[in-house]
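Residue-level structural notes
Next come the chains, spelled out residue by residue.
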Amino acid sequence: MKPHKLSIVGVGHVGSAVLEKAVALGLFSTISLVDIKENVAFGEALDISHSMSSSLNANTIVYSGGFEAVQDADIIIIAAGPSIKPGCSDRLTLAKENTAIIADVMTNIVKYNTSAVIIMISNPLDVTTYLAATKFNLKKGQVLGTGTTLETLRFKYIISNLLKVDPHDVYGYVLGEHGNSSFPAFSTLKVAGLDFNDIQDFFNIKIDKTMIQENVIKTAYEVNNAKGWTNTGIAAGAIRIAKAILLDEKAVLPVSMPLEGEYDLNGVSLSLPCLIGKNGVEKRFTPKLFDNETALLKNSALCIRSVLENVGL
């Protein structure tokens, strides 16, 4: 296997968690860190390098630098810009500040690297992903956001607890915005080959869709309000996507990228199940949704589209 390089842009709470999980994954020979606070990036690189002396991944080289450090990276993960503060209940409020930051970040990245697959974490995720994917002449599928990967894990966890089954045996997706207008697509829910209605019959249970949707959304704010930030879950999601790219897994994950007519939607980034391989997003799936779910997806698109227009995209 050829050596792989990862670059992480933004090493605050989220970026540092991404770094820790990237080192633990053991697939990157080199990891470069870029942050507006150069001393923070330097400190994170030094700190994790010391920690690796007692690990199996002691040969991973971690260093910091300016944007020239993204050169030759196979994957670039962007976690730059502020996150929502405790008490805030909408990622979209970050749009004006973070689109300016991401525009600057992307302008600098493409000076040194136009071939890497770019994974966006910065919020509002679907807005920053749309900006990065459409304004810098990169290939279709080369830029993707972590999307509803984390919401999907939370959805599966809630369903597994409700049914008392292993979450690995629960299949289904949360779609739409990475945020308040996201929704669990119960049309995609499967357990042991049983669909939504059969699951209710077999387990003799009535699944409260509204309650589950509310729980999926509010969990992020519960974490944020309790510890002051969210980082572990989203970092795990980003590295899961990175692994699928590096190993050309052809994994199906709900990531965000600009829509091109799916469900008659255009001009907006949202999450749908996508085939992830060495080139980023290689295919996008359009599962048959329940009628109300199609309406929810279109509402999600309207929410993101209005924000994009407000910031001039």
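See the structure printed just above.
Only a predicted model underlies this, so the values are computations on that prediction, with no experimental measurement involved.

Rules used throughout
Residues numbered from 1 in each chain as written. Predicted model: local features only at pLDDT ≥ 70, side-chain atom pairs only at ≥ 80, totals over all residues. Heavy atoms only, no water. Core = buried A, V, L, I, M, F, W, Y, C linked by side-chain atoms within 4.5 Å. Buried < 20%, exposed > 50% of the residue type's maximum accessible area, 1.4 Å probe, protein only. Helix = DSSP H or I, 4+ residues; strand = E, 2+ residues; numbered from the N terminus. Contact = heavy atoms within 4.5 Å. Pairing = 2+ DSSP bridges. Polar contact = N/O pair within 3.5 Å; in protein donor to acceptor, adjacent residues only side chain to side chain.

One finds Ile 31, Leu 33, Ile 75, Ile 77 and Ile 276 to be the most contacted residues of the largest nonpolar core, which totals 41 residues. Considering each element in turn, this core owes the most residues, nine residues, to helix H8 (residues 232-246). Setting aside anything within four residues of it in sequence, one finds Ile 31 in contact with Leu 6, Ile 8, Leu 19, Ala 22, Val 23, Thr 60, Ile 61, Val 62 and Tyr 63. With 23 residues, the next largest nonpolar core counts Ala 73, Ile 78, Ala 80 and Ala 116 among its residues.

Right, let's talk about the pairing of strand S4 (residues 75-78) for a bit. Neither face of S4 is open: one carries Ile 75 and Ile 77, the other Ile 76 and Ile 78, and all of them are buried. Taken together, the four bridges between S4 and strand S5 (residues 117-120) define a ladder with parallel strand orientation. Note on S5: the bridge partner recorded for Ile 76 is Ile 118.

What follows is about the environment of Lys 140. By the element assignment, Lys 140 lies in the loop between helix H4 (125-134) and strand S6 (143-145). As for Lys 140 and Met 257, which are separated by 117 residues in sequence, their C-alpha atoms are 8.8 Å apart. Leave out the neighbours within four places in its chain, and Lys 140 touches Met 257, Glu 260 and Val 281. A polar atom in the side chain of Lys 140 sits 2.9 Å from the side chain of Glu 260.

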